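Below, each chain spelled out in residue letters.
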Amino acid sequence: MKIAIVCYPTFGGSGVVATELGLELARRGHEIHFITYSQPVRLALLSPNVHYHEVNVPEYPLFHYQPYELALSSKLVDMVKLYKIELLHVHYAIPHAYAGYMAKQMLKDEGINLPMVTTLHGTDITLVGSHPFYKPAVTFSINKSDFVTSVSQSLKEDTLKLFNIKNEIEVIPNFIELNKNVKDAGVPCQRSVMAKQEERIITHISNFRKVKRIPDVIKIFYNIQKEIPAKLMMVGDGPEKEKAEVLCQELGIEDKVIFFGNSNEIDKILCLTDLFLLPSETESFGLAALEAMACGVPVISSNSGGLPEVNFEGISGYLSNVGNIEDMAKNALKILKDDATLENFKENALSVAKQFDIKNILPLYEDLYQKAINKYL
Ligand code: GMT
């Protein structure tokens, strides 16, 4: 199949999922066209089946806001005609489903039917999409998509609660490519570089937005390090990062916390890690937790949104109410208390992650694409 994928190219779950999906589809022989405003961060290697088309929005002094949707829908029309693209898969409803629908209508005018699949990722529904300023357009574009998927059951329920949706929503969970794990690839994990032998290594990875509850990460770690020797690795960048650094200084733990910034080598960081913290306010899925589990790292998370569908209580880690840092620290210490317990949780985390192997999930997308194409035959 010839498939166009529209996504956000920046660090963040939806762009990562879209990119990994496109790359795996390309490996399976499909022709993939990424269409976005810059090269997706995880799209390092271009293969013969992978194309990237940049959307440019020319600056014009009259515009207070540059019309990205307009440029994106025009680019879609041009690329669909040029490469005979058979299907459009947009990730994140805003504004991609809207721009995709416009492209679809323009193409229809020229006698071309372009099936469109929209995947809802989370904040496009829960944090941003339901805002009254966006809601009518988001509702419209979800209802006008040929097929709609959500990355968890919880997100599907939120979507049905928040919007007047007439379309079916199919749950296709996020996935992980397990054999990318550096341990399997034979790359040695240089734990001694980051911590002393007796120290446990705890990691948080995110885009440091408010929804991630970064101060909770620091406070959970503060409680842990009072009981056992430990280091915290904070990976990523975003608006809450500076405040987090200040909080570490106020708590007097700055020598135990390392801030890394954005990284494309998270497998190398996760392979050193004993425990992953994700105390988010909400997470439609929590791809970062799954990435940790795929490296055999247990997870302490909140129990909001789709997290209970990924992190299994008492097996791959523990879940607590949002903001209950005492409970999260207590659970973390339960996992870290001795090597045998930790090893057990690590093994379990990996086996849970295996349920989300890309090999199991990708055929669900392929079947859906075929259904979407057949709809117009
Ligand atoms: O919250 C983020 O880290 C970014 C955000 C995004 O839109 O890229 O992630 C959302 O989509 C991911 C992939 O489907 C999910 O794993 C995240 O849970 C979801 N974030 C939220 O719901 C807050």
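Being a predicted model, the structure only gives us computed values, none of them experimental. Each chain has its residues counted from 1, following the order in which its sequence is written. Confidence filtering applies because this is a predicted model: local features only for residues at pLDDT of at least 70, side-chain atom pairs given and counted only at 80 or more, and all residues used for totals across whole chains, interfaces and linings. Side-chain metrics rest on all non-hydrogen atoms present in the structure, leaving aside hydrogens and water.

S.K.: Help me get a handle on the overall build of the chain, residues and values and all.
M.R.: Secondary structure elements are taken from DSSP: a helix is a run of H or I of four residues or more, a strand is a run of E of two residues or more, and numbering for both begins at the N terminus. From N to C terminus, the chain includes 12 helices and 13 strands. Overall, the chain is about 70 × 45 × 35 Å in size when its C-alpha atoms are taken along their principal axes. Any pair of residues with heavy atoms lying within 4.5 Å of one another is described as a contacting pair. Contacts in the chain between residues at least 24 apart in sequence constitute 69% of all its contacts with a sequence separation of at least 6. Working note: accessible area of the chain is about 16500 Å², and carbon and sulfur atoms make up 52% of it. If you average the places of the 38 positive and of the 46 negative side-chain charges in the chain, the two averages end up 2 Å apart. We get accessible surface area from the Shrake-Rupley algorithm with a probe of 1.4 Å; when it comes to residues, only the shown protein chains can shield them. When charges are counted, Lys and Arg contribute as positive and Asp and Glu as negative, whereas His and the chain ends are disregarded. Each charge is placed at NZ for Lys, CZ for Arg, CG for Asp and CD for Glu.

S.K.: An account of the packing of aromatic side chains is needed here, citing residue identities and associated values.
M.R.: Whether two aromatic rings pair depends on their centres lying within 6.5 Å, for rings of Phe, Tyr and Trp, where Trp uses its six-membered ring; planes under 30 degrees apart make the pair stacked, over 60 edge-to-face, and the rest tilted. One pass over the structure, following the stated rule, counts 7 aromatic pairs. Relative to Tyr68, the ring of Tyr37 has its centre 5.7 Å away and its plane inclined at 80°; by these criteria the two rings are edge-to-face. With Tyr37 in the loop between strand S2 (31–36) and strand S3 (50–54) and Tyr68 in helix H2 (residues 68–83), the pair connects residues that are 31 residues apart, well separated along the chain. Throughout, exposure labels follow a simple rule: accessible area from a 1.4 Å probe, protein chains only, divided by the maximum for the residue type, with under 20% read as buried, over 50% as exposed, and the rest as partly exposed. Assessed through its relative accessible area of 34%, Tyr37 is described here as partly exposed. What makes Tyr68 buried here is its relative accessible area of 13%. Considering the side-chain rings of Tyr101 and Phe140, the 5.0 Å spacing of their centres and the 90° angle between planes classify their relative orientation as edge-to-face.

S.K.: Break down the UniProt feature "domain: Glycosyl transferase family" (unreviewed entry) in the chain for me, citing the residues and quoting the values.
M.R.: UniProt positions are given in the numbering used here, feature names are shortened, and annotations may be inferred rather than shown by experiment. Mapped onto the present numbering, the UniProt feature "domain: Glycosyl transferase family" (unreviewed entry) falls on residues 195–349. A distance of 22 Å separates the end C-alpha atoms of residues 195–349, which is 39% helix and 19% strand.

S.K.: Quick one: what's the story with the environment of Lys212, residue by residue and with numbers?
M.R.: In this fold, Lys212 is placed in the loop between strand S8 (200–205) and helix H6 (214–227). The exposure class assigned to Lys212 is buried, which follows from its relative accessible area of 10%. Spatially, the C-alpha atom of Lys212 lies 7.7 Å from that of Thr282, the residues being 70 residues apart in sequence. Filtering out sequence-adjacent residues up to four positions away, Lys212 remains in contact with His204, Ser206, Asn207, Val217, Pro279, Ser280 and Glu283. Here a polar contact is taken to be a pair of N or O atoms separated by no more than 3.5 Å, where protein atoms must pair a possible hydrogen donor with a possible acceptor and residues adjacent in sequence count only if both atoms sit in side chains. A polar atom in the side chain of Lys212 sits 2.7 Å from the side chain of Glu283.

S.K.: Can you explain the domain arrangement of the chain? Please cite residues and give values.
M.R.: Under the domain assignment used here, the chain contains domain 1 (2–175 + 358–374) and domain 2 (178–354). Note: domain ranges come from an automatic or database domain assignment. Spacing between the C-alpha centres of domain 1 and domain 2 amounts to 30 Å. In this complex, domain 1 contributes 20 residues to the contact, which on the side of domain 2 involves 16 residues. Salt bridges, as used here, are contacts in which a Lys or Arg side-chain nitrogen is within 4 Å of a carboxyl oxygen on Asp or Glu. On the surface where domain 1 and domain 2 come into contact, there are 0 salt bridges. Between the two partners, domain 1 and domain 2, sit 7 residue pairs in polar contact (both at pLDDT 80 or more). Counting residues per element, the ones that place at least two in the side of domain 1 that touches domain 2 are helix H1 (13–27) and helix H5 (153–162). Top contributing element to the side of domain 1 that touches domain 2 by residue count: H1, with 4 residues.

S.K.: Just give me the short version of the nonpolar core, but keep the residues and values in it.
M.R.: Ranked by internal contacts, the top residues of the largest apolar core, which has 72 residues, are Leu120, Phe276, Leu290 and Tyr369. Taken domain by domain, this core gets at least three of its residues from each of domain 1 (2–175 + 358–374) and domain 2 (178–354). Contact partners of Leu120, with chain neighbours within four places excluded, come to Ala93, Ile125, Ile142, Val148, Thr149, Ser150, Val151, Leu155, Thr159 and Ile169. Among buried residues, those of type Ala, Val, Leu, Ile, Met, Phe, Trp, Tyr and Cys that are joined through side-chain atoms within 4.5 Å constitute a nonpolar core. In this structure, Ile218, Ile224, Met234 and Val257 belong to the second largest nonpolar core, which totals 29 residues.

S.K.: Break down unusual backbone geometry for me, citing the residues and quoting the values.
M.R.: Put simply, Ile94 and Pro95 share a cis peptide bond, and its omega is -15°. Within the fold, Pro95 resides in helix H3 (residues 93–109). Its identity as a non-glycine residue notwithstanding, Arg213 has a phi of 55°, on the positive side.

S.K.: Account for the site of the ligand, naming residues and giving values.
M.R.: As a structural note, the neighbourhood of the ligand is formed by 19 residues, with Ser14, His121, Arg209, Glu283 and Ser284 the closest of them. Between the ligand and the protein, one listed contact pairs an oxygen atom with a side-chain N or O atom of Asn174 at 2.8 Å. Between the ligand and Leu287, the relevant distance is 2.9 Å, taken from an oxygen atom to a main-chain nitrogen or oxygen of the residue. Isolated, the ligand exposes 490 Å² of accessible area, and the fraction of that covered by the protein chains is 93%. Examining the composition of the shell around the ligand, we find that 3 residues originate from one element, H1, more than from any other. The nearness test applies per residue and asks whether one of its heavy atoms lies within 4 Å of the molecule or strand.

S.K.: An account of the environment of Gln225 is requested, with residue identities and associated values reported.
M.R.: Structurally, the position occupied by Gln225 is in helix H6. In this structure the C-alpha to C-alpha distance between Gln225 and Glu199, which are 26 residues apart in sequence, comes to 9.4 Å. The contact partners of Gln225, leaving out residues within four places of it in the chain, are Ile253 and Lys256.

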